[in-house]
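Survey of secondary and tertiary structure
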Amino acid sequence: MTVILLEPSRPGNPIRLEEVVNAPLSACLFTGYVSSLLQKNAIGVEIVHARLRDWSSEQTATYLSQKSFRLLCVHAIYLWEKTRDIFELLSNLRERNITAHINLYGYYPTFAYKNILECFPGIDSVTVGEPEITILDLARCLLSEEDVSPLMNIPGLAVRGNGGKVVFHPRSPVCDLDQLPFPDRQDISLYQKKGIVTYILGSRGCYGQCTFCYLNPFYGKINQWRGRSAKNIFDEVFGLYAEDGITNFYFSDANFFGPGKAGKERAMTLAELFLAHNLEISFGFECRANDIEEHSISRLVMAGLTNVFLGLESGDPASLKRLKKHLTVEENKKAIQLLQEYGIEPTYGFIMFEPYSTLKSVRNNFEFLKEMDIMRIPAVTAHLLHHRQTIFQGTPDYQTMLPETPYSGCDMSFSHYETLYLIKDQNVETFSEIITHVCGTALSLMPKTFDCATHASTESVLSNTSALAMLNNTLITIFANTLQYFETHENTHSPKVIEEMSHRLNHEVRGVMESCNPLHTRAFY
Ligand code: SF4
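Structure report, in brief. For every chain, the first residue of its written sequence is number 1, and the numbers climb from 1 along that sequence. Owing to the predicted nature of the model, reporting of local features is limited to residues with pLDDT of at least 70; listing and counting of side-chain atom pairs is limited to 80 or more, with chain, interface and lining totals taken over all residues. No hydrogens and no water enter the side-chain calculation; it runs on all heavy atoms of the structure.

Comments concerning the overall build of the chain
Strands are runs of DSSP state E lasting at least 2 residues, helices are runs of H or I lasting at least 4, and numbering of each runs from the N terminus. Regarding its fold elements, the chain presents 18 helices and 16 strands. Whether two residues touch is decided by their heavy atoms; if any such pair falls within 4.5 Å, the residues are in contact. For the chain, long-range pairs separated by at least 24 residues make up 75% of all intrachain contacts whose partners lie at least 6 apart in sequence.

Describing unusual backbone geometry
Even without glycine at this site, Trp80 takes up a positive phi of about 55°. Topologically, Trp80 is positioned in the loop between β3 (71–75) and α3 (84–95). Classification of Trp80 by relative accessible area gives buried; the value is 7%. Phi is positive for Asn278, which is not a glycine, with a value near 50°. Only protein chains enter the accessibility calculation, which uses a 1.4 Å probe; a residue whose area is less than 20% of its type maximum is buried, one above 50% is exposed, and one in between is partly exposed.

Quick word on the packing of helix α12 (residues 359–372) against helix α16 (residues 465–488)
An axis is simply a line fitted to the C-alpha atoms; with a helix, the fit covers only the stretch in contact. Between two such axes, the angle follows the N-to-C directions and lies from 0 to 180 degrees. Interaxial distance between α12 and α16 falls to 11 Å at its minimum, and their mutual angle equals 155°. When the axes of α12 and α16 are compared, the pair comes out roughly antiparallel. The crossing of α12 and α16 is left-handed. Between α12 and α16, the residues in contact are Leu359, Val362, Arg363 and Phe366 and Ile476, Phe479, Ala480, Leu483, Gln484, Phe486 and Glu487, respectively. Grouping the amino acids of the contact of α12 with α16 by side-chain chemistry returns eight nonpolar, one polar and two charged. For classification purposes, an angle smaller than 35 degrees is called roughly parallel, one larger than 145 roughly antiparallel, one from 65 to 115 roughly perpendicular, and anything else oblique. In this scheme the handedness of a crossing depends on how the near helix is turned from the far one: anticlockwise by less than a right angle means left-handed, clockwise means right-handed. In this classification, Asp, Glu, Lys and Arg are treated as charged, Ala, Val, Leu, Ile, Met, Phe, Trp, Tyr, Cys and Pro as nonpolar, and every other residue, Gly included, as polar.

Topic: the packing of helix α2 (residues 57–65) against α3
Each pair of packed helices can be summarised by the angle the axes make with each other and by the distance between the axes. One can describe the packing of α2 onto α3 by two numbers: an axis separation of 10 Å at closest approach and a directional angle of 35°. The hand of the α2/α3 crossing is right-handed. Taken together, the residues of α3 that come into contact with α2 (itself represented by Ser57, Glu58, Thr60, Ala61 and Leu64) are Asp85, Leu89, Asn92 and Leu93. Looking at the contact of α2 with α3 residue by residue, the class counts come to four nonpolar, three polar and two charged.

Some remarks on the pairing of β3
Counting buried residues in β3 gives five out of five residues, a clear majority hidden from the surface. When DSSP finds two or more bridges between two strands, those strands count as paired. Where strand β1 (residues 3–7) meets β3, four bridges bridge the pair, whose relative direction is parallel. Bridge pairing in β3 places Leu5 opposite Cys73. With α3 bridging β3 and its parallel neighbour strand β4 (residues 101–105), the resulting β-α-β unit is right-handed. For a crossover, the right-handed case is the one in which the path from the first strand over the helix to the second runs clockwise, viewed with the strands pointing away from the viewer.

What to know about helix α15 (residues 426–445)
Two residues of an α-helix separated by three or four positions point the same way, owing to the 3.6 residues in each turn. Relative to the 28 Å expected for 20 residues at 1.5 Å per residue, α15 spans 29 Å between its end C-alpha atoms, a close match to the ideal helical length. Most of α15 is tucked away, with 15 of its 20 residues classed as buried. Two N or O atoms form a polar contact when they lie within 3.5 Å of each other; inside protein one atom must be a possible hydrogen donor and the other a possible acceptor, and for residues adjacent in sequence the pair counts only when both atoms belong to side chains. For α15, the N-terminal cap is Asp425; the gap from its side-chain oxygen to the backbone nitrogen of Asn427 is 2.9 Å. Multiplying 1.5 Å by the residue count of a helix minus one yields the expected span of that helix.

Quick notes on helix α11 (residues 329–341)
With 13 residues, α11 extends 19 Å between its outermost C-alpha atoms, agreeing within 8% with the 18 Å of an ideal straight helix rising 1.5 Å per residue. Every buried residue of α11 is accounted for by Val329, Asn332, Lys333, Ala335, Ile336, Leu338 and Leu339. Against α9 (294–303), β13 (305–313), α10 (317–322), β14 (347–350) and α12 lie the buried residues of α11. Positive backbone phi, approximately 80°, marks Gly343, located one or two places after α11.

As for the side chain of Asn255
Its place among the elements puts Asn255 in the loop between β11 (248–251) and α8 (260–276). Given the relative accessible area of 1%, Asn255 is considered buried. Not counting residues up to four positions away in its chain, the partners in contact with Asn255 are Ser203, Gly205, Cys206, Tyr207, Trp225, Glu286, Cys287, Arg288 and Asp291.

Re the site of the ligand
We call a residue near a given molecule or strand whenever any one of its heavy atoms falls within 4 Å of it. The local shell around the ligand consists of Cys206, Gly208, Gln209, Cys210, Phe212, Cys213, Leu215, Ala254, Arg288 and Lys325. Residue composition of the shell around the ligand, grouped by class: six nonpolar, two polar and two charged.

Here's the deal with the packing of aromatic side chains
A ring pair, where both rings are aromatic, is described by two values, the distance of the centres and the angle of the planes. Working definition: a ring pair exists when centres of Phe, Tyr or Trp rings (six-membered ring for Trp) sit within 6.5 Å. Plane angles under 30 degrees give stacked, over 60 give edge-to-face, the rest tilted. Scanning all chains against the criterion turns up 32 aromatic pairs. An angle of 65° between the planes, with centres 5.0 Å apart, marks the rings of Phe251 and Phe256 as edge-to-face. Assigned by exposure class, Phe251 and Phe256 land together as buried. Relative to Phe257, the ring of Phe256 lies with its centre 5.2 Å away and its plane at 85°, an arrangement referred to as edge-to-face. Grouping residues by exposure puts Phe256 and Phe257 together as buried.

Here's the deal with the environment of Glu280
With respect to the helices, strands and loops of the structure, Glu280 is situated in the loop between α8 and β12 (282–287). The sequence separation of Glu280 and Tyr241 amounts to 39 residues, and the corresponding C-alpha distance is 8.9 Å. If we ignore the near neighbours within four places in the chain, the residues touching Glu280 are Tyr241 and Thr247.

Regarding the sheet that holds β1
Pairing between the strands of a sheet comes from backbone hydrogen bonds, and it takes one of two forms, parallel or antiparallel. One open sheet holds the seven strands; their spatial order is β2-β1-β3-β4-β5-β6-β7, and the pairing between them is mixed. Edge positions in the sheet fall to β2 (45–49) and β7 (166–167), since each of these pairs with one other strand and no more. The sheet contact formed by β4 and strand β5 (residues 125–127) spans two bridges and is parallel. Directly across from Asn103, in β5, lies its bridge partner Ser125. On the sheet, helix α1 (residues 30–40) packs against β1, β2, β3 and β4 and is oriented at approximately 165° with respect to β2. Across the face of the sheet, helix α4 (residues 107–119) comes into contact with β4, β5, β6 (157–160) and β7 while running at roughly 175° to β5.

Okay, here's the thing in structure tokens:
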């Protein structure tokens, strides 16, 4: 074996409740695409999916140390406070005398490449941006028997140059995505066994420019939405359907629809292909509210659309403007209503708190959620009510917001990647902290029924519907009462207020959980 592509395990982090913001779904097929391109070019490759196999770092290191390979490419994810785990695994490999070239790729290394190469001498290079062609060039270069051109000449590859200075030349993203081979799915049976949906990447990038999003900056300066042709996507789906019996798909695109009329027409062409070939499939995708319109949605639903993730972000006009969402609250409402008319209960991207939130914007968000009647399931409600904007390197907001909060107990090697901030309005900051405690308590006590990161469902332990409704109502009532308290009192931001209220409200949530399912809840105390 010449090249190993590693998907390391991703240990959960009970402090951070966001399951997907650190690991964009649109990266989930990178490894498969790199693998298929290497194979197409006659380079031997193995995917080591430690995460899928539930391997510990030690198990992964032991497995790799028994292998012989020239290049190890690691899909690195920002794991919040546990990011160091990846680097410890790699230094463990070096201690076991693995001398192969080690390369990192993915969103996190793309934006943190300088810091990574400066701090970790055991990492030889970082692939910046789209990984396929850069890793192919790297593998070819390392495998060449002849005089190799220096790695520093490979576009898209960041390396330490002369004197240890980090050198990097950007690479343009692939123009015609139809030219890429379909992704390698070596582990497809394991995915199926775990109930993980089959992902399809139909497009890359987005025509939006939201200030909190790094999906476009990942592709470099020339960033725009690029779609595979409907026929090319259909061919891949049809192969998986006919040969592997797969009937449930999810598009991992940042934005399923391309811009304007052409974007919707492409989606319709895909729907017509599914219908013309009588494919009995279901599928889902993620998109912006302004792309939801009846003509295309009706055909997509007929073709099997059952699941839509809508990036609403806010129910407050001022926040939508600040986030440069280029959407109105009315457009968000219309999209939800239209999807519901077609029998689709969407899931949502929603930012309750951002650095410039005011009590008015929080109130607008809350009234929006109530009016739309989308807080019906406690796990969803807890997420909607507390979600706070994260500010990662690569996002436009990262450029404009200097860190204001010193990192306590955080490893400085990784601290450049995320800006921690206090909400400008101190009362909103306090309110956010209390609500985060409460929702965090509820989420930690709740059985996990749906994994946002894998779209895998498990049977609910808490299946009693009246218990679910009671917990849901408790969360909504706590939010409503606390918000009203903050709206009618001054100087609510003292640490004492936070402590007392958090303690009392957490107790309330625990009490409800205890009465819902005593046996299950006790296990978490
Ligand atoms: S619409 Fe979604 S994917 Fe596009 S820039 Fe905004 S947040 Fe990112």
